[in-house]
Amino acid sequence: TGTPVTVLGLGLMGSALAGAFLRAGHPTTVWNRTTAKADDLVAGGATLAESPADAIAAAPLVVVCVSDYDAVADVLKGPLHGRVVVNLTSGTPSRARALAEEVTRRGGDYLGGGIMAVPEAVGTADAVIAYSGPRSLYDAHGSTLGKLGTGLHLGDDPGLSATHEMGTLILMWGMLDGFLNGAAILGAAGVSATAYLPIARTAIDTVAGWLPGYARQVDDGVYPPDDGTVDTHLAAMAHVIEESETLGINTELPRLVKALAERAATEGHAASGYPALVEQFRKP
Ligand code: NDP
């Protein structure tokens, strides 16, 4: 059997985390505000603690996954001496750093983590979980945490995993809104989302292939037009707005996209490559 672990919070994600530990043979203690959510896990061999403090006392490694940091404050009760708190709750980097300080003050150790996966993937290599906090702490518990998915250690700053989570979330919404807006355009023209899907997937793969070059341009601060100028993109953006109006659908997203590109062009980047838009995102 593996190291005993505790999981606080048994929502969709917390239940998946506890289930992965159980399947991997770790004695697993769980607690949830709504006790009934522990039923399946208890049937599978988990121990239900009567209180968060009892759950924390039961194992040296305490994984917390609740809605937000206010909920974390509600569940992280009792002494933390000798406990490693692994917080997989989403929130801002500053909240993560403040919590890391509090945990340390109360005698515990802290690792922050961001789950870049859905609950169904937890327990498989497909679930990427990015951790940050003291490297030695991650090394000591990496094999246990590895039961949850593919772990990455990003650095010692406990807020870093939350910063990466922000980057992942905005990327995810950009792709999802792009797909849904595309589905609305195709749908208004009588094409189903399912029929749009193969070309949408190919487009995402194609764009993903551009990212290494884009990352280099962003880091270098020079934007040669390797694959087209901002002006060329602007002409295409105008077409999308025009057609969306013709179809009688929402034009907010293409208008926002065009406004950003127009500003980049006005600021001297009409003939630059698209990565020049990063400068628009850097401003308040
Ligand atoms: P759920 O809404 O399914 O679960 C929320 C959990 O938080 C429940 O266990 C709930 O308890 C608990 N909770 C909320 N408020 C309190 C409180 N004041 N005191 C005690 N417990 C509280 O959310 P998820 O499990 O989906 O998400 C949990 C975290 O994981 C979030 O931060 C989310 O961003 C993150 N995450 C989720 C992903 C997903 O795909 N679901 C992906 C990546 C990250 P109760 O059951 O009693 O309501």
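Everything quoted here is computed from the prediction, not taken from an experiment. (Residues numbered from 1 in each chain as written. Predicted model: local features only at pLDDT ≥ 70, side-chain atom pairs only at ≥ 80, totals over all residues.)

Description of the domain arrangement of the protein
Right, on to step 1. Taken domain by domain, the protein comprises domain 1 (5–155) and domain 2 (192–282).
Right, on to step 2. On a C-alpha basis, the centres of domain 1 and domain 2 stand 39 Å from each other. (Domains from an automatic or database assignment.)

With respect to the site of the ligand
Right, on to step 1. The immediate surroundings of the ligand are formed by 21 residues, with Gly11, Met13, Arg33, Thr34 and Ser90 found nearest.
Right, on to step 2. Put simply, the parts of the chain that give the shell around the ligand at least two residues each are helix 1 (12–23) and helix 4 (69–75).
Right, on to step 3. For the shell around the ligand, the per-class residue count stands at 10 nonpolar, eight polar and three charged. (Near = placed C-beta within 6 Å. Helix = DSSP H or I, 4+ residues; strand = E, 2+ residues; numbered from the N terminus. Nonpolar A, V, L, I, M, F, W, Y, C, P; charged D, E, K, R; others polar.)

Some points on the nonpolar core
Right, on to step 1. By size, the foremost hydrophobic cluster in this structure holds 52 residues, and its most contacted members are Leu17, Val30, Val62, Val63 and Val64.
Right, on to step 2. Sorting elements by how many residues they give to this core places helix 1 first, with seven residues.
Right, on to step 3. For Val63, the residues in contact, after removing those within four places along its chain, are Val5, Thr6, Val7, Leu17, Val86 and Leu88.
Right, on to step 4. One finds Tyr223, Ala261, Tyr274 and Ala276 within the second-largest nonpolar core, a separate group that totals eight residues. (Core = buried A, V, L, I, M, F, W, Y, C linked by C-beta atoms within 7 Å. Buried ≥ 20, exposed ≤ 12 C-beta atoms within 10 Å, placed from the backbone. Contact = placed C-beta atoms within 7 Å.)

As for the sheet that holds strand 2 (residues 28–31)
Right, on to step 1. Pairing within the open sheet is mixed, and its eight strands lie in the order 3-2-1-4-5-6-7-8. Looking along the sheet, the strands with just one partner apiece sit at the ends: strand 3 (47–48) and strand 8 (150–153).
Right, on to step 2. For strand 1 (residues 5–8) and strand 4 (residues 61–64), the ladder comprises four bridges, and the chain directions are parallel. Each bridged residue has a counterpart across the sheet, and for Val7 the counterpart in strand 4 is Val63.
Right, on to step 3. Together, strand 1, strand 2, strand 4 and strand 6 (109–116) form the strand contacts of helix 1, whose direction differs from that of strand 1 by roughly 165 degrees.
Right, on to step 4. Together, strand 5 (84–87) and strand 6 form the strand contacts of helix 5 (residues 93–105), whose direction differs from that of strand 6 by roughly 150 degrees. (Pairing = 2+ DSSP bridges. Axes fitted to C-alpha atoms, helices over the stretch in contact; angles between N-to-C directions.)

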